[in-house]
Amino acid sequence: MPKYIDLTNYGSTDTLALATFSLYALAIAITLSALSKRKAKPNSSIRERRRLRILFKNSHGISGILSTLLTCVAMFAQKTLPSSVFSTSITSVCAVIASVITASSGMSIVDQAPKQTVVMEYPFKVVPPHRDAFTRTGFSIYYLSARIFWNTAKTLNLLGGSTTTGGYDVNAIDWVWGCIALCYAVKYFLPRRRDVDWTNGNTYIFVVPMAVGLTADAVFQLPILQSIGETCWNDDVITQLDLLCVLLSGLVVAFVFTLAFRGVLGLRKCYWSAALVVHGIVAYLISKALPFVGMQIMSSYTQYNISLEL
């Protein structure tokens, strides 16, 4: 019987949590700074004032603020309280509900955003299609919210389990969830030739990294790949706190871009800052996923050799 590496102490998520809270604080600081500078220039021209704006509906603005605060509370509860505590689960579910409402209400005002902006022309063109990006972000928030809710349901043992594989209870519902998650990722995250411009640098800066990260997570929702030994992807690799951090980052980045469209912040600075956030998150998640993938490969190789000997 092959021995498995113990990854129960898979590493702390303090770095990602700290980086996410720092991002949130930085966004608030930049916003306040920009607003103060705008107030200091009352004689600015009418042309400068007439910048592209997104008109927030009441439901969208309130749900946006509420979802951000609830996600922060859920992260704090997840970090300080045991995951089995009911209050921890409630805060996560509340954050999920508010985030889904925010994403849904945001979809209705996507057409108010500019179609695209030229961020860079040399040495290669970078032209982010803002409406497509907002739609993709909305689908990402839906996926993250579903993942968080699924983890919560499993923690509370609401879905049960019938058979045990590698110390992880699975049943038909786990297979249904895994297939739905994978199909969703393939439909909404994988870039298709007809939908994206492969000569546009934005495709490689935003679209491809997001597609890789989210689709890889969806693949490991399949029960056959989700656990090895006593290590489970959802419990020990990409944890609930990781998902909440990524969700908060998505909410903050979307908020920062709406400010850029309203002329409060510089669009280019927001774009490259958001790119750093996305690539930082993807790099962090890859660093956590690679050991688990290595374990899967080594386990398969060992079992293949054993089958040959038999």
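(A) Seen up close, the overall build of the chain. What the chain contains, in helices and strands, is 11 helices and 4 strands. Counting every position in the chain, which comprises 310 residues, the buried fraction comes to 45%. Sequence separation of 24 or more characterises 76% of the internal contacts of the chain that already satisfy a separation of 6 or more. Summing over all exposed atoms, the chain offers an accessible surface of approximately 16,900 Å²; the carbon and sulfur share of this is 66%.

(B) Geometry of the nonpolar core. Within the largest apolar cluster, 62 residues are counted, with the highest numbers of intra-cluster contacts made by Phe206, Trp233, Phe257 and Tyr271. Within the residue set of this core, elements represented by two or more residues are α3 (58-80), α4 (86-107), α5 (130-155), α6 (172-188), α7 (201-219), α9 (233-237), α10 (240-261) and α11 (267-309). Excluding its chain neighbours within four sequence positions, the residues that come into contact with Trp233 are Arg147, Asp217, Phe220, Gln221, Gln226, Ile238, Ala289 and Phe292.

(C) Main features of α5. Here α5 is 26 residues long and its end C-alpha atoms lie 37 Å apart, about the 38 Å a rise of 1.5 Å per residue gives. Following α5 by one or two positions, Asn157 has its phi on the positive side, about 60°.

(D) Region of the structure containing the packing of α4 against α10. Between α4 and α10, the shortest axis-to-axis distance is 12 Å and the interhelical angle comes to 30°. Judged on the interaxial angle alone, α10 and α4 are roughly parallel. For α4 against α10, the interelement crossing comes out left-handed. Across the interface between the two elements, Ser92, Ser99 and Thr102 from α4 touch Gln240, Leu244, Leu247 and Leu251 from α10. For the contact of α4 with α10, the per-class residue count stands at 3 nonpolar, 4 polar and no charged.

(E) Spatial organisation of the packing of aromatic side chains. Applying the stated criterion to the full structure yields 16 aromatic pairs. Geometrically, the ring pair formed by Phe139 and Tyr184 is edge-to-face, given 6.5 Å between the ring centres and 75° between the ring planes. Pair noted here: Phe139 is in helix α5 and Tyr184 is in helix α6, with a separation of 45 residues, a long-range link. Arranged with centres 6.3 Å apart and planes meeting at 20°, the rings of Tyr143 and Tyr184 form a pair that is stacked. Here Tyr143 is found in helix α5, whereas its partner Tyr184 is found in helix α6, with 41 residues between them in sequence. Look at Tyr143 and you get buried, because its relative accessible area is 3%. By way of ring pairs, the aromatic residues Phe139, Tyr142, Tyr143, Tyr184, Tyr188 and Phe189 are connected into one cluster.

(F) Inspection of the side chain of Asn151 at higher detail. The residue Asn151 is located in helix α5 in this model. Classification of Asn151 as buried rests on a relative accessible area of 7%. Setting aside residues up to four positions removed in sequence, Asn151 forms contacts with Asn234, Gln240 and Leu243.

(G) Quick peek at the environment of Gly61. Within the element layout of this structure, Gly61 appears in helix α3. Judged by its relative accessible area of 24%, Gly61 falls in the partly exposed class. Each C-alpha atom, one on Gly61 and one on Gly106, is 9.2 Å from the other, the two residues being 45 residues apart in sequence.

(H) Up close: the side chain of Ser89. By the element assignment, Ser89 lies in helix α4. In contact with Ser89, other than residues within four places in its own chain, are Ser83, Thr152 and Leu156.

Cut-offs used in this document
Residues numbered from 1 in each chain as written. Predicted model: local features only at pLDDT ≥ 70, side-chain atom pairs only at ≥ 80, totals over all residues. Heavy atoms only, no water. Helix = DSSP H or I, 4+ residues; strand = E, 2+ residues; numbered from the N terminus. Buried < 20%, exposed > 50% of the residue type's maximum accessible area, 1.4 Å probe, protein only. Contact = heavy atoms within 4.5 Å. Areas by Shrake-Rupley, 256 points an atom, 1.4 Å probe, with all protein chains shown as cover. Core = buried A, V, L, I, M, F, W, Y, C linked by side-chain atoms within 4.5 Å. Expected span 1.5 Å × (residues − 1). Axes fitted to C-alpha atoms, helices over the stretch in contact; angles between N-to-C directions. Parallel < 35°, antiparallel > 145°, perpendicular 65-115°, else oblique. Left-handed = near helix turned anticlockwise from the far one by under 90°. Nonpolar A, V, L, I, M, F, W, Y, C, P; charged D, E, K, R; others polar. Phe/Tyr/Trp six-rings, centres within 6.5 Å; stacked < 30°, edge-to-face > 60°.

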